[in-house]
Amino acid sequence: MNQINRDTVAGPPTTSLRRALRILGDPWTMLILKEAYNGERRFGGFQKKLNIPKQTLSLRLTHLCHEQMMYRRQVSPTHTTLEYALTAKAFDLQDAMYSIWLWHEANPSDVSVLPFEIVHRSCGQRISARYRCTHCRNEVLSESVTVEHTQPLQFDPRDRLSRRNDTAVTAAGDLGAEKMVAASLVGDIACNEILYTLFRSPSHLKAIADGLDLGMSVARGRLEKLRLLGLVEERQDGRKLTYSVLPKAEKFYPLLLSIADWGDRWCNDGQPPPELRVHSCGELVHGRFCCDHCGGWIGRENVYVRPRQDNSDGEGS
């Protein structure tokens, strides 16, 4: 009689990714964090660089402060101007931000999206990196990771309307595939959960919608968005349409893993992680970016940001 009745709980089984995206699942939030990592601290600076409505910016900064990812502080004891400082919780998310930068490097469209470069201080090279297992140092790929839910299953405790509002809010920020930036894609909760599902195995529309508790029209719209971005392919399987990830999506996988890993550390409220991610070496996935040039780990302590340079040889100055 210990079996859980799905009819008595609100929502689908939760994941670390879902818990993390409840905080991060908004395009503006990720873009604000990107600017903060680049050194911006002032309200006016965020507003100018992102061209974001002031009310929207105020709401997002308040949200980030509430989630203890930022805090307000005076510029100096004699200056009443406030600035927004990042906390350890926010700095711990930097692997995800490296993922976004590397995604744009691998899939260039508008160079204005990346007006800066990240340089690995240890070797002086502009970073080119792979997400590797810290136990065996082999690259972490979707085919090398097994995801298993812990028991008993944990469920999303919010009501259906709250969960549907997630998809409505993130859909409102859609930019169109030709202008999509990774930070905006990360900010779309449904897109991320669909990709996370498809990395485990191909699936058809109804199974995706049911498994993630999405409306059919929402699931169909997000799958079309991912298809236009070249991340997902659609094929006829009898009377059903089956969806699977394309090789281009593999560059997005470290981003999902690093966000899920961050969710394990910061979003479980004392509960066990809702799922285990096991690498092919037999250890739980603890990944980090490893420099392709020198083999050293990439971290906040050994990188710096500089304006984008015209030369493409990747040499540090």
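All values derive from a computational prediction rather than experimental measurement.

A. Spatial organisation of the layout of surface pockets. Its boundaries defined by the atoms lining it, the second largest pocket holds a volume of some 350 Å³. Listing elements by their share of the lining of the second largest pocket, those giving two or more residues are helix 6 (94-106), strand 5 (129-133) and helix 12 (253-266). When residues in the lining of the second largest pocket are grouped by element, the largest group, five residues, is from helix 6. Here the lining of the second largest pocket is composed, by residue class, of 11 nonpolar, two polar and six charged.

B. Local environment of the environment of Trp 297. Relative to the elements of secondary structure, Trp 297 occurs in the loop between strand 11 (287-291) and strand 12 (303-307). Put simply, Trp 297 and Ala 129 are 168 residues apart on the chain and 8.9 Å apart in space, counted from C-alpha to C-alpha. With residues near it in sequence (within four places) discarded, Trp 297 still touches His 120, Arg 132, Cys 133, Thr 134, Arg 137, Arg 288, Phe 289, Cys 290 and Asn 302.

C. Examining the environment of Phe 155 more closely. Tracing the backbone shows Phe 155 in the loop between strand 6 (145-149) and helix 7 (160-171). Phe 155 sits in the buried class, given a relative accessible area of 14%. A sequence separation of 143 residues divides Phe 155 from Pro 12, and the C-alpha atoms of the two residues are 5.7 Å apart.

D. Quick look at unusual backbone geometry. For the bond from Gln 151 to Pro 152, the omega torsion is -5°, close enough to zero to count as cis. Despite not being glycine, Arg 137 shows a phi value in the positive range, around 65°. Within the secondary structure layout, Arg 137 lies in the loop between strand 5 and strand 6. Residue classification places Arg 137 among the partly exposed residues on the basis of a relative accessible area of 37%.

E. Local environment of the packing of aromatic side chains. Counted by the stated rule, this structure contains four aromatic pairs. Taken together, a centroid distance of 5.4 Å and an interplanar angle of 85° make the contact between Trp 103 and Phe 252 edge-to-face. Taken together, the residues span a long stretch of sequence, with Trp 103 in helix 6 and Phe 252 in the loop between strand 9 (240-245) and helix 12 at a distance of 149 residues. Looking at Trp 103, the relative accessible area reads 8%, which means it is buried.

F. Here's a closer look at the pairing of strand 9. In this structure, strand 7 (residues 203-204) lies alongside strand 9, joined through two bridges in antiparallel fashion. Each residue of the ladder has a partner; that of Ser 203, found in strand 9, is Tyr 243. Summarising the sheet, strand 8 (residues 232-237) and strand 9 pair through six bridges and their orientation is antiparallel. Within strand 9, the residue paired with Asp 237 across the bridge is Lys 240.

Scoring rules and cut-offs
Residues numbered from 1 in each chain as written. Predicted model: local features only at pLDDT ≥ 70, side-chain atom pairs only at ≥ 80, totals over all residues. Heavy atoms only, no water. 1 Å grid on protein atoms, 1.4 Å probe; cavity = no way out; pocket = protein on both sides within 12 Å on 5 of 7 lines; lining within 4 Å. Points joined across faces, edges and corners; volume = space filled by probe spheres on them. Helix = DSSP H or I, 4+ residues; strand = E, 2+ residues; numbered from the N terminus. Nonpolar A, V, L, I, M, F, W, Y, C, P; charged D, E, K, R; others polar. Contact = heavy atoms within 4.5 Å. Buried < 20%, exposed > 50% of the residue type's maximum accessible area, 1.4 Å probe, protein only. Phe/Tyr/Trp six-rings, centres within 6.5 Å; stacked < 30°, edge-to-face > 60°. Pairing = 2+ DSSP bridges.

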